[in-house]
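Listed here are the chains, written in short residue letters.
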Amino acid sequence: MSSVLALVDCRSFYVSVERVWDQMLHHRPVVVLGNNDSTIVALSEEAKAIGLRREMPVFEARDLIEQHQVVCFSSNYALYADFSERVRQSLLSFAASPARLETYSIDEWWIDASHIATDDLARFGREIRSTILQHVGLPTGVTLAPTKTLTKIGGEIVKRYPEHMGVLALVARPAEELDEWLSRIAVHDVWMVGRKRAEQLNAAGIYTARQLRDAELSWIHRRFTVVTARIVLELRGVPCIPLEPVSKPKKNIASAKTFGRPIERLESLCQAISAYVAHAAEKLRSQGSVALAVSVFLTTNRFNTSQPQYSNSASKQLPVASAFTPDLVDAALDALRRIFRLGFTYSKAGVFLSQISTGDRIQPDLFGAYDPDVYARKERIMAAVDSINRLFGPDTIFFGSMGLASERTWKMRQEHLSKHFTTRWQEILEVSAQ
Amino acid sequence: MDLPSLSLPLVGAGFPSPAEEWFEARLVIGDLLVPRPTSTFYARCDGNSMEKAGIRHGDILVIDRSLAATHNSIVIASLGTGGYVVKRLLYTPTGIVLAADHPDYPSIDVAELPAWEIWGVVTYAVTAVDPGALLQLRPQQP
């Protein structure tokens, strides 16, 4: 049986999630903003058609946004994460086993479809697409091919040519058709090629995906890297990049943000860092891990050259690995005080939890810093905090070091946030029975 | 030497619980109301036009998008005018109608709508019998 992979790719994922909650947004230009509402991070086809682009700063886009009455949203990451998880769980029913499903990003998955007969692949793809559309409300593109690289090529084709209705089984199409498509795709649009490699290939006379596929392999080996040779083989339908189904527990957890307003005072920095630690610690606990080291970094705005510049980072080792927020906050604030300098205007800071291990294998140290009773009590406290915050919304219970909500001027600007329809009871959809 | 197994559940002086073999998982209401979590969403009902269908103002509705709407289904729909409504879907000899379960509210003939769509099928309505019970989960007043 030959290998076949299905790539499931959510179309304009953030925008599509927002559209689930408001039918009036269909066929209207919609953008989602990030980084304190300063940049376009996602946009609908209608928004692309009027000239808006990803990564465009809002101040550059403002005229177009007003002129075409573009609907703007702040990034609602909690909502997008829930939808991503819903799609993943729906896809599990199409994979022969959970080990045949890989999450590639928040809006892309690969399913091993080797158990499906070639003649049935297109039907299989259409079934996936219609299921995700009905159950979760999101449009997807589904492409089936023998290698990851070819499924990505397929994804590019269904995006460009709407007549495929979002589903393409490359395996079941004639070879000449694939040749034609490959010659229309620039080499820098091929998955894993990247800008630098594309420049090198261009310099060697290779401009299209088809030229890359048909290049002589020994020449590629001599002139480029092993990775490039793998891409060539994958384009020929020889699988070189296997499915990676299990997402390993994260080895590092970071929480870093640009402040809503620049900060000069240590006190405000302490509050921001405490809040970042609290969020990172919650992630740590949700994967059942503990961390042994906390790092902190802070920086001024390096684009604002009229101001004095400073950036630094520091780490602090805990006596015993912990997932207890106050332990981690203490360590982080200690590190912060070591690197803080008065007289600078800070624009961004972050924390980084590392030396992460599973909570059930804590090494008691020689000096008795590990007390199993204290550890169990801390665990119970954090479990209670997490479940209350899950039920009533983030930061319902928070640590004093984070400061009062009204004082958190450093908090990210999100002025166009949609509701947390699926993660907070106070924010669920209201339906009219009037 | 034979060591006693520590994995056996022990009671007080060390006798295994006589109920151990009869253990069954405790009931959790979510299992009954939400058999398919990936396609289940929630909404709060605003208004009393569906009272006869057992849906009261303030109820939390459980909506399963994986179900196909049929004649008599209670559905969440958009009428192409913004927002969502909860109605009863009826296939009548003259066409599809979105009806209220209350004489004071008119039925809507979908043929007269520019655009409409069924968003999901309502499977349960959660009513708080103790008036305070669901209060803390209501939207916060600004």
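Presented here is an overview of the structure given in this document. (Residues numbered from 1 in each chain as written. Chains lettered and ligands numbered in written order. Predicted model: local features only at pLDDT ≥ 70, side-chain atom pairs only at ≥ 80, totals over all residues. Heavy atoms only, no water.)

What follows is about the overall build of chain A. Along chain A, the regular secondary structure elements total 14 helices and 13 strands. Dimensions of chain A along its principal axes, counting C-alpha atoms only, are 70 × 60 × 55 Å. Considering chain A as a whole, with its 434 residues, one finds that 47% of them fall into the buried category. Look at the contacts in chain A between residues 6 or more apart in sequence, and 68% of them connect residues 24 or more apart. (Helix = DSSP H or I, 4+ residues; strand = E, 2+ residues; numbered from the N terminus. Buried < 20%, exposed > 50% of the residue type's maximum accessible area, 1.4 Å probe, protein only. Contact = heavy atoms within 4.5 Å.)

Attention now goes to the overall build of chain B. When helices and strands are tallied, chain B shows one helix and nine strands. Moving toward the C terminus, one meets the helices and strands of chain B in the order β-β-α-β-β-β-β-β-β-β. Considering chain B as a whole, with its 142 residues, one finds that 35% of them fall into the buried category. Here the contacts in chain B between residues at least 6 apart in sequence split such that 50% fall between residues at least 24 apart. As displayed, chain B offers around 9,200 Å² of accessible surface, 59% of which is attributable to carbon and sulfur atoms. (Areas by Shrake-Rupley, 256 points an atom, 1.4 Å probe, with all protein chains shown as cover.)

Residue and element names in this part refer to chain A. Strand order across the open sheet formed by three strands is 3-2-4, with mixed pairing between neighbours. At either end of the open sheet lies a strand with only one pairing partner, and these are strand 3 (39-43) and strand 4 (71-74). Across this sheet, the average inter-strand angle for adjacent strands is 35 degrees, counted without regard to direction. Where strand 2 (residues 30-34) lies against strand 3, four bridges are found, and the strand directions are antiparallel. Within strand 3, the residue paired with L33 across the bridge is I40. (Pairing = 2+ DSSP bridges. Axes fitted to C-alpha atoms, helices over the stretch in contact; angles between N-to-C directions.)

With that settled, the discussion passes to the packing of aromatic side chains. Taken as a whole and judged by the stated rule, the model has 22 aromatic pairs over all chains. Their ring planes at 55 degrees and their centres at 5.0 Å tell us that W425 of chain A and Y42 of chain B sit as a pair that is tilted. Taken together, the residues W425 of chain A in the loop between helix 14 (372-392) and strand 13 (429-432) and Y42 of chain B in strand 3 (residues 40-46) connect one chain to another. Given a relative accessible area of 22%, Y42 of chain B falls into the partly exposed group. Three or more aromatic residues joined by ring pairs make a cluster, and in this case those are W21, F83 and F421 of chain A together with F41, Y84 and W119 of chain B. It is R86 of chain A that lies over the ring of F83 of chain A; its NZ or CZ is 6.0 Å from the centre. (Phe/Tyr/Trp six-rings, centres within 6.5 Å; stacked < 30°, edge-to-face > 60°. Lys NZ or Arg CZ within 6 Å of the ring centre and 35° of its normal.)

Glancing now at the pairing of strand 5 (residues 101-105) of chain A. Residue and element names in this part refer to chain A. With four bridges joining them, strand 5 and strand 6 (residues 108-112) adopt antiparallel strand pairing. Paired with S105 across the bridge in strand 6 is E108. Where strand 5 folds back onto strand 6 in an antiparallel hairpin, the turn is made up of two residues.

What follows covers the sheet that holds strand 8 (residues 167-169) of chain A. Paired through their backbone hydrogen bonds, the strands of a sheet run either parallel or antiparallel. Residues and elements named next belong to chain A. One open sheet accounts for five strands, arranged 5-6-1-7-8; its pairing is mixed. Of all the strands in the sheet, just strand 5 and strand 8 have a single pairing partner and so form its edges. Neighbouring strand axes in the sheet, compared pairwise and without regard to direction, differ in orientation by 15 degrees on average. Here strand 7 (residues 140-145) pairs with strand 8 via three bridges, running parallel. When the sheet's bridge partners are listed, T143 is paired in strand 8 with L168.

Attention now goes to unusual backbone geometry. Residues and elements named next belong to chain A. Of note in the backbone geometry, H27 takes a positive phi value of approximately 70 degrees without being a glycine. The residue H27 is located in the loop between helix 1 (13-20) and strand 2 in this model. Non-glycine residue Q69 carries a positive phi angle of around 45 degrees.

Attention now goes to the interface of chain A and chain B. Accessible area lost upon the coming together of the parts serves often as the stated size of an interface. Listed as interface residues are 26 residues of chain A and, on the opposing side, 37 residues of chain B. In total, chain A and chain B occlude about 2,800 Å² of area from one another, counting both sides; carbon and sulfur atoms represent 57% of this. Considering only the surface of chain A that becomes buried against chain B, W425, V431 and A433 of chain A emerge as the three largest contributors, covering 22% of it. Between the two partners, chain A and chain B, sit zero salt bridges. Seen at the junction of chain A and chain B, the total is 20 residue pairs in polar contact (both at pLDDT 80 or more). Among the secondary structure elements, those contributing two or more residues to the side of chain A that touches chain B are helix 1, helix 4 (77-92), helix 5 (121-135) and strand 13 of chain A. For the side of chain A that touches chain B, the class distribution of residues is 12 nonpolar, 10 polar and four charged. (Buried area = accessible area lost by both parts, 1.4 Å probe. Salt bridge = Lys/Arg side-chain N within 4 Å of Asp/Glu carboxyl O. Polar contact = N/O pair within 3.5 Å; in protein donor to acceptor, adjacent residues only side chain to side chain. Nonpolar A, V, L, I, M, F, W, Y, C, P; charged D, E, K, R; others polar.)

So, about a nonpolar patch on the surface. Among the surface-exposed residues, I29, L32 and Y124 of chain B lie close enough to one another that they form a single nonpolar patch of about 320 Å² accessible area. Mapped onto the elements of the fold, L32 of chain B is located in helix 1 (residues 29-33). (Patch = residues over 30% accessible without salt bridge, like charges linked within 9 Å, V, L, I, M, F, W, Y side chains within 5 Å.)

Here the focus is helix 5 of chain A. Residues and elements named next belong to chain A. Counted at 1.5 Å a residue, the expected span for helix 5 with its 15 residues is 21 Å, and the 21 Å between its end C-alpha atoms agrees. Every buried residue of helix 5 is accounted for by L121, F124, G125, I128, T131 and I132. On an axial view of helix 5, the arc spanned by its buried residues comes to 130 degrees, and they lie on one face. Residues of helix 5 that are buried sit in contact with strand 1 (5-10), helix 4, strand 6, strand 7 and strand 8. Residue G137 follows helix 5 closely and has a positive phi angle near 90 degrees. (Expected span 1.5 Å × (residues − 1). Arc of directions from axis to C-beta.)

Size it by volume and the second largest pocket reaches roughly 910 Å³. R19, H26, H27, L133 and P139 of chain A are the residues nearest the centre of the second largest pocket, which is lined by 29 residues in total. Taken together, the elements giving at least two residues each to the lining of the second largest pocket come down to helix 1, helix 2 (45-49), helix 5 and helix 6 (148-160) of chain A together with strand 9 (117-126) of chain B. Its residues assigned to classes, the lining of the second largest pocket shows 11 nonpolar, nine polar and nine charged. (1 Å grid on protein atoms, 1.4 Å probe; cavity = no way out; pocket = protein on both sides within 12 Å on 5 of 7 lines; lining within 4 Å. Points joined across faces, edges and corners; volume = space filled by probe spheres on them.)

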